[in-house]
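Coordinate analysis (summary)
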Amino acid sequence: MLARVAIDLALDRLFDYEVPDGLKKKLAVGQLLLVPFGRREARGFAMEILPDGAESEYDLKPVKSIVDETPFFTSNLLELARSIASYTASPIESALRTAVPAAVLRPGAKPRELVFVEPALAAGDVSVTKRQQWLYEQIVRLGGGWMQQLCRELKTTPSTIRELGVKGLVTVKLRERRRDPLVGRRVLPSRPLPLNDGQRAALDAVLSSDRPVLLHGVTGSGKTEVYLQAIAAVLERGRGAIVMVPEIALTPQTVQRFVSRFGDCVAVLHSALSDGERYDEWHRIRGGKARVVIGPRSAVFAPVRDLGLIVVDEEHETSYKQDETPRYNARDVAVMRGAIEGARVILGSATPSLESWANVSRGKYVLASMPARAGAGTPPRTLVVDMDVPDNRGRIFSKELLDALRLRLDRGEQSILFLNRRGWARSVRCEDCGHVLECPDCSVPYTYHRADSCCRCHVCGGWIPVPSECPECRSRRLDYRGIGTQRAEEALSKCLPRARILRMDADSTSRRNSHDDILGAFRRHEADVLLGTQMIAKGLDFPNVTLVGVLNADSSLSMPDFRAAERTFQLLAQVSGRAGRAELPGDAIIQTYNCSSPVILAAAKGDFAAFAAEELADRKEAWYPPFCHLSAVLMSSKDPKLVADWAGMYSKSLSKIKGLTVGEAVPCALEKAEGRYRWQIVVRSASAGAAVRAWKWLVGVRPPPPALRVAIDVDAISLV
Ligand code: ADP
Ligand code: ZN
Ligand code: ZN
């Protein structure tokens, strides 16, 4: 008997081992094994088990041991990992590693048992049980990163802790208790709502069709209620469900809607979970205790038993695409997994991706439409405000928007303002020589942050104190250009001194839970205006909000990407969907310098079908997705000449291959990041596989030198 093992070294091949007699009965596909590897030992997953008599050309070493007898992967999940590896041209190990949380695989990870050191009490006179109790409480209190925090609180260093650890290592077996991410929140049970006709038709489509259902429903049309009732139907048949939502929409409010319907059998996977919480949730799912899983992209791999349904909410969201190896799109993986497991799939959105929209006309997906709002609430009236008139030019807030904000203040209603840029000013520029301060490692201008008086790079996070003079010409006339959320906040408090403003962006939400704190305060009407970046653009449901303003609709239109129009439409539709969610009617105000742009006009009307028809006609003519597959070959190096030369050579070689339309090698829009020069080649082909095969062949015959990093991003979603 042979075991074929994937070892986590990104070698992109499997290794065969002999199975010793003692392990033959226990060994199963999907288990984590310990195997000899060179002079060391390595851990790897059993991918295949071949019966006696299977020949091998090598002298095989035996499997050392089975790390965990319960397989980490079902055979369905192994098949999924294989499909992802081959579709995205990634090593199988990287697909496997992506599919299991690192916290679960960490050597020594065990449920409800922690091994740690307690420095202050190690030499003390407290009894062991008391000490255990104390430590247990500290860990529960501090969660992930408790070691560093404990160091800080007790004013000691990790090395002291490590030293003490030799003597004072304590193993604590904790009481059976789940570290529940929703702990301390009261969730009231909810009952299914009677469905309206659109919802009923959508639910019927989901339950009767074995093709994925694209649920196109405007914001507030009640898509979530359809998801909830589809899940209920699946649970009734004894099966489980996965609900994927974009990370930033994974708010306690969202989670509570599911917990209030399904109670304890809901598990939440969340990037803010501590390792312990993640570990617990994963095991609750694998053990079958949790049957409904909510989470971002990675939830698509949750080991739900007998999976019956996968919901992908906001299916057009780019955050479903992973931007490192394996570069998978979780929406497409959901469709793959649905096919493998025989599970229903719902892709929901108010602004579907054009890929999914086209899959409806191709007969791959079934369309269910919900064009009207479900409960109370009328669609917002949208006003496009021309900023290119003398009254408004150069201002952050148009007269129209200020009037509308004042009206809300007078009526005791709330407003949301959207600006896709954090920080205070976009850039710092010398008025005398025109020099713009840039990050030396990335080719992007620094953003000025006034609160801590520094210039910060939004790509690598590096920063410098604000210089008092221009580094080029020593002029002291530095000008802060463009608007970030901090500057807008300041300007607004000058224009409307009585408005209470909350700001929400990556800078104001870096603490754990600060997200919830801000949204909670806004919900309790402790502020009149919520001003923020794309964090506030979707998923939030505030009944008292009757005005939404988009401060600058042009920034996304000018992106150097063939999807710029699609992104702009999505953004405007999502943002304006925030207004008028309950009884009160709402207004959306879009400020732009491109008043006559067809995208902005279609978005203002909320007419997705019209926008899609026009945009698809353009894409078809130019042969862009969804009419072809577009992949990006990405190359980077610290040596600018090396990467330019190789990119040119690769582009030339690829363009000789039949069936591919290959672009010139060009520097990426973000030319330099973290000290590396970046180039790309855009490859279009009728099938994704054609591009992958060509690329694999090419790196086989012309392997890149060690100083050059290369990768292919199949179905690339962003070309920056
Ligand atoms: P979406 O997810 O499409 O944006 P939601 O599911 O959040 O929409 O629903 C919007 C509002 O409509 C919610 O307050 C919800 O409770 C309400 N709602 C949904 N379905 C119904 C229904 N059938 N009858 C009455 N109200 C509904
Ligand atoms: Zn200067
Ligand atoms: Zn940088």
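Located above this text is the structure these notes cover.
One numbering rule holds for all chains: residues counted from 1, following each sequence as written. A letter from A marks each chain and a number from 1 marks each ligand, given out in the order of writing. It should be noted that, the model being predicted, local features are given only for residues of pLDDT at least 70 and side-chain atom pairs only at 80 or more, the latter also being counted only at that level, while totals for whole chains, interfaces and linings use all residues. Water and hydrogen atoms play no part in the side-chain values, which are based on all heavy atoms of the structure.

1. Here we look at the sheet that holds strand 9 (residues 240-244)
Two strands qualify as a pair provided that DSSP identifies no fewer than 2 bridges between them. Only runs of H or I of at least four residues qualify as helices and only runs of E of at least two qualify as strands under DSSP, and these elements are numbered from the N terminus. Strand order in the open sheet made by the 7 strands is 10-11-9-12-13-8-14, with parallel pairing throughout. The two strands at the open ends of the sheet, each matched to only one other strand, are strand 10 (266-268) and strand 14 (366-370). In this sheet, neighbouring strand axes are inclined to one another by 15° on average, regardless of whether the strands run parallel or antiparallel. Note: strand 9 against strand 12 (residues 307-313), 5 bridges, orientation parallel. Across the sheet, residue Val-243 finds its bridge partner in strand 12, namely Val-311. For every element, the axis is a line fit to its C-alpha atoms; helices are fit only across the contacting stretch, and the angle between N-to-C directions ranges from 0 to 180 degrees.

2. What to know about the site of ligand 1
Surrounding ligand 1, one finds 17 residues, the nearest of these being Pro-194, Gln-199, Gly-220, Lys-223 and Thr-224. Two N or O atoms form a polar contact when they lie within 3.5 Å of each other; inside protein one atom must be a possible hydrogen donor and the other a possible acceptor, and for residues adjacent in sequence the pair counts only when both atoms belong to side chains. Here Ser-221 contributes a backbone N or O atom positioned 3.3 Å from an oxygen atom of ligand 1. Contact distances for ligand 1 include 3.1 Å between an oxygen atom and a backbone N or O atom of Gly-222. Contact with the protein chains hides 75% of the accessible area of ligand 1, taken as 570 Å² for the molecule alone. Summary of the distance rule: residues count as near a molecule or strand when at least one heavy atom falls within 4 Å of that molecule or strand. All accessible areas in this document rest on Shrake-Rupley with a 1.4 Å probe, and a residue is counted as covered only by the protein chains that are shown.

3. Quick word on the coordination of the zinc ion (ligand 2)
Within the protein, the zinc ion (ligand 2) binds to Cys-430 (SG), Cys-433 (SG), Cys-470 (SG) and Cys-473 (SG); these donor distances fall in the range 2.3 to 2.4 Å. The rule for donors is simple: N, O or S, within 2.8 Å of the metal, or within 3.2 Å if the metal is Na, K or Ca. Water isn't counted, so a site may look like it is missing partners. The geometry test gives tetrahedral to four donors whose angles all lie between 85 and 135 degrees, gives square planar to four donors and octahedral to six donors whose opposite members are over 155 degrees apart with all other angles between 65 and 115, and gives irregular to the rest. Given 4 donor atoms and angles of 102 to 113° at the metal, the environment of the zinc ion (ligand 2) is assigned as tetrahedral. Binding-site remark: the zinc ion (ligand 2) is held by donors from one chain whose sequence spacing is C-x2-C-x36-C-x2-C.

4. Here we look at the pairing of strand 9
The side chains of a regular strand alternate, residue by residue, between the two faces of the sheet. Only protein chains enter the accessibility calculation, which uses a 1.4 Å probe; a residue is then buried when its area is under 20% of its type maximum, exposed when over 50%, and partly exposed in between. Of all 5 residues making up strand 9, 5 are buried, and the element is well covered by its neighbours. Covered by surrounding structure in strand 9 are Gly-240, Ile-242 and Met-244 together with Ala-241 and Val-243, the residues of both alternating faces. Two strands pair when backbone bridges link them, and strand 9 and strand 11 (residues 292-295) are joined in this way by 4 bridges, in the parallel orientation. By the bridge assignment, Met-244 is partnered in strand 11 with Gly-295.

5. Notes on the sheet that holds strand 19 (residues 454-456)
The strands that make up a sheet are held in pairs by hydrogen bonds between backbone atoms, and each pair lies either parallel or antiparallel. Pairing within the open sheet is antiparallel, and its 3 strands lie in the order 18-19-20. For this open sheet the edge positions go to strand 18 (447-449) and strand 20 (463-465), each flanked by a neighbour on one side alone. Geometrically, the sheet is characterised by an average inter-axis angle of 30° between neighbouring strands, direction not taken into account. In this structure, strand 18 lies alongside strand 19, joined through 3 bridges in antiparallel fashion. If you follow Thr-447 over to strand 19, its bridge partner there is Arg-456.

6. Some words on the side chain of Asp-313
Residue position: Asp-313 is located in strand 12. Side-chain polar atoms of Asp-313 contact the side chain of Tyr-227, separated by 2.7 Å. Not counting residues within four places of it along the chain, the set of residues in contact with Asp-313 comprises Lys-223, Tyr-227, Met-244, Val-245, Pro-246, Tyr-320 and Gly-348. What makes two residues a contact is simply this: any of their non-hydrogen atoms within 4.5 Å.

7. What to know about helix 20 (residues 598-605)
Of all the residues in helix 20, the buried ones are Val-599, Ile-600, Ala-602, Ala-603 and Ala-604. Of the surrounding elements, those touching the buried residues of helix 20 are strand 15 (381-386), helix 18 (554-557), helix 19 (564-576), strand 25 (587-592) and helix 21 (608-622). Looking one or two residues past helix 20, Gly-606 carries a phi angle of roughly 70°, positive in sign.

8. Points about the nonpolar core
Counting 81 residues, the largest nonpolar core has Phe-72, Phe-73, Leu-96, Ile-242, Met-244 and Leu-530 as the members making the most contacts within it. Setting aside residues no more than four positions away along its own chain, Leu-530 makes contact with Ser-415, Ile-416, Leu-417, Leu-502, Met-504, Ile-518, Leu-519, Phe-522, Ile-536 and Phe-542. The nonpolar core is taken to be a set of buried Ala, Val, Leu, Ile, Met, Phe, Trp, Tyr and Cys residues, with the residues joined through side-chain atoms within 4.5 Å.

9. Concerning the pattern of salt bridges
The salt bridge definition used is simple: a Lys or Arg side-chain nitrogen within 4 Å of an Asp or Glu carboxyl oxygen. Under the criterion given, the structure shown has 32 salt bridges. Ionic pairing is found between Arg-477 and Glu-431, a salt bridge with its closest N-O pair at 3.4 Å. Placement of the pair is Arg-477 in the loop between strand 20 and strand 21 (478-481) and Glu-431 in the loop between strand 17 (427-430) and strand 18, with a sequence separation of 46 residues. One salt bridge connects Lys-641 with Asp-645, and the closest N-O pair in it is separated by 2.7 Å. Taken together, the positions of Lys-641 and Asp-645, both in helix 22 (residues 640-655) and 4 residues apart, correspond to about one turn of that helix. Overlapping salt bridges, with partners in common, bring together Arg-381, Arg-408, Arg-411, Glu-413 and Asp-587 in one network.

10. Digging into the packing of helix 19 against helix 21
Following both chains from N to C, one finds helix 19 and helix 21 inclined at 170°, their axes separated by 11 Å at the closest point. As far as their axial angle goes, helix 21 and helix 19 are roughly antiparallel. Where helix 19 abuts helix 21, its residues Ala-565, Glu-566 and Phe-569 lie against Phe-608, Phe-611, Glu-615 and Arg-619. Three categories are distinguished: nonpolar for Ala, Val, Leu, Ile, Met, Phe, Trp, Tyr, Cys and Pro, charged for Asp, Glu, Lys and Arg, and polar for the others, with Gly belonging to the last. Broken down by class, the residue content of the contact of helix 19 with helix 21 amounts to 4 nonpolar, no polar and 3 charged. In this scheme, roughly parallel covers angles under 35 degrees and roughly antiparallel covers those over 145, while 65 to 115 is roughly perpendicular and the rest are oblique.

11. Description of the pairing of strand 16 (residues 414-418)
Burial analysis of strand 16 places 5 of its 5 residues in the buried class, which makes it a mostly covered element. Alternating residues of strand 16 divide into Gln-414, Ile-416 and Phe-418 and Ser-415 and Leu-417, and every residue in both groups is buried. Of the strand pairs in this sheet, strand 16 and strand 24 (residues 545-550) are connected by 5 bridges, and their pairing is parallel. Paired with Gln-414 across the strands is Val-545, a residue of strand 24. As paired strands, strand 16 and strand 23 (residues 529-532) are joined by 4 bridges and run parallel to one another. Bridge pairing in strand 23 places Ser-415 opposite Val-529.

12. Here we look at the packing of aromatic side chains
Here a Phe, Tyr or Trp ring, Trp counted by its six-membered ring, pairs with any other such ring whose centre lies within 6.5 Å, and the pair is stacked when the planes are under 30 degrees apart, edge-to-face when over 60, and tilted otherwise. Under the criterion given, the structure shown has 14 aromatic pairs. Geometrically, the ring pair formed by Phe-569 and Phe-611 is stacked, given 4.6 Å between the ring centres and 10° between the ring planes. Within this pair, whereas Phe-569 is found in helix 19, its partner Phe-611 is found in helix 21, the two being separated by 42 residues in sequence. The same class applies to Phe-569 as to Phe-611, namely buried. Three or more aromatic residues joined by ring pairs form one cluster here, namely Phe-45, Phe-72, Phe-73 and Trp-282.

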